[in-house]
Amino acid sequence: MRRSLMFIMEWLWRLLYLNAIWLLFSLPIFTIIPATAAMFGVMDRLVREDDDEPDFKVFFREFKRLFLKSYPLGLSIVIIGGLLVLDLMILRNAISDKAEIIRVAVLAISLLFLIAISYSFPVFLRYEFPWYKTLFFSFMLGVRRPVVTFLISCGFLLIILLLLFVTGIGILLFASLIALISTTSAHYIINSLPKLSSQGAA
């Protein structure tokens, strides 16, 4: 019982500290993409147990290393996601049969896109694929393990609810919680693929 409590408190501290660093580096809005990539990089090391604690120096090193590399993936997620949201807003009040078909199609594409981005940063950090290959491979991971993907969705939904109903605590934890859920899930699936796992280790 005591060991379990210590484990929970240790990870709570890690999440709070990493989220605080991410918020600091995201204050200039244009740095939010490399800051997010750096946060996932630190989380990757924590999940792999390469580090015991989130370290500011490690975060800053990852931030510099990924500053330019992360923009193609990050901007593609923002642009594609923005276009999908815009389409849904335009089609929201449409009442024709044709518009309804298009709306369902856009919703389906949005769902597939959400599956892809759920694993995108862990995949990018592990393999450094181009952005389009990262999204495709991430989508394939999600489809391969639908139960894990469903559990990820539930976790993200809980984080959204935390932000809505316990906003103060949500702000302190939401980004690092997303990184933890996404990274641990991606590791679980990738490690079940021996060839790809060994490629990542190489």
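These figures come from a predicted structure and were not determined experimentally. (Residues numbered from 1 in each chain as written. Predicted model: local features only at pLDDT ≥ 70, side-chain atom pairs only at ≥ 80, totals over all residues. Heavy atoms only, no water.)

**Here's the deal with helix 7 (residues 131-144)**
The terminal C-alpha atoms of helix 7 lie 20 Å apart, and with 14 residues this matches the ideal 20 Å at 1.5 Å per residue to within 8%. Every buried residue of helix 7 is listed here: Thr 134, Leu 135, Phe 137, Ser 138, Leu 141 and Gly 142. (Helix = DSSP H or I, 4+ residues; strand = E, 2+ residues; numbered from the N terminus. Expected span 1.5 Å × (residues − 1). Buried < 20%, exposed > 50% of the residue type's maximum accessible area, 1.4 Å probe, protein only.)

**Observations concerning the packing of helix 1 (residues 2-25) against helix 3 (residues 56-66)**
Contact pair helix 1 / helix 3: the axes reach a minimum separation of 11 Å and the direction vectors enclose 40°. In terms of axis orientation, helix 1 runs oblique to helix 3. At the point where helix 1 passes helix 3, the crossing takes the right-handed sense. Only Phe 56, Phe 59, Phe 60 and Phe 63 of helix 3 make contact with helix 1, whose side of the interface consists of Tyr 17, Leu 18, Ile 21, Trp 22, Leu 24 and Phe 25. Of the residues contributing to the contact of helix 1 with helix 3, the split by class is 10 nonpolar, no polar and no charged. (Axes fitted to C-alpha atoms, helices over the stretch in contact; angles between N-to-C directions. Parallel < 35°, antiparallel > 145°, perpendicular 65-115°, else oblique. Left-handed = near helix turned anticlockwise from the far one by under 90°. Contact = heavy atoms within 4.5 Å. Nonpolar A, V, L, I, M, F, W, Y, C, P; charged D, E, K, R; others polar.)

**A few points about the side chain of Ser 26**
If you trace the backbone, Ser 26 turns up in the loop between helix 1 and helix 2 (32-48). Residue classification places Ser 26 among the buried residues on the basis of a relative accessible area of 7%.

**Remarks on the nonpolar core**
Membership of the largest hydrophobic core comes to 36 residues, with the highest contact counts inside it found for Met 39, Met 43 and Phe 59. Elements represented by at least two residues in this core include exactly helix 1, helix 2, helix 3, helix 4 (71-91), helix 5 (97-118), helix 6 (120-127) and helix 9 (167-190). A total of 8 residues in this core trace back to one element, the largest contributor, which is helix 2. The residues touching Phe 59, leaving out its near neighbours within four places in the chain, are Leu 18, Ile 21, Trp 22, Phe 25, Ala 35, Ala 38, Met 39 and Val 42. (Core = buried A, V, L, I, M, F, W, Y, C linked by side-chain atoms within 4.5 Å.)

**A short note on the pattern of salt bridges**
If you walk through the whole model with that rule in mind, you get 6 salt bridges. Arg 48 is the partner of Asp 44 in a salt bridge, and the nearest nitrogen-oxygen pair spans 2.9 Å. Of the two residues, Asp 44 and Arg 48 both sit in helix 2, 4 residues apart, roughly one turn of that helix. Accessibility expressed as a relative area gives 14% for Asp 44, which makes it buried. On the basis of relative accessible area, Arg 48 is assigned to the partly exposed category, the value being 35%. (Salt bridge = Lys/Arg side-chain N within 4 Å of Asp/Glu carboxyl O.)

**So, the packing of aromatic side chains**
What the rule picks out here adds up to 13 aromatic pairs. Between Phe 25 and Phe 56, the ring centres sit 5.7 Å apart and the planes meet at 50°, which makes this aromatic pair tilted. One end of the pair, Phe 25, is in helix 1; the other, Phe 56, is in helix 3, and 31 residues separate them in sequence. Take Phe 25: its relative accessible area is 12%, and that puts it in the buried class. Taking 4.9 Å as the distance between ring centres and 50° as the angle between the ring planes, the aromatic pair formed by Phe 25 and Phe 59 counts as tilted. Taken together, the residues Phe 25 in helix 1 and Phe 59 in helix 3 connect sequence positions 34 residues apart. Classification of Phe 59 by relative accessible area gives buried; the value is 0%. Linked through ring pairs, Phe 25, Phe 56, Phe 59, Phe 60, Phe 63, Phe 67 and Tyr 71 together constitute an aromatic cluster. The ring of Trp 11 is capped by Arg 14, whose NZ or CZ atom sits 4.5 Å from the centre of that ring. (Phe/Tyr/Trp six-rings, centres within 6.5 Å; stacked < 30°, edge-to-face > 60°. Lys NZ or Arg CZ within 6 Å of the ring centre and 35° of its normal.)

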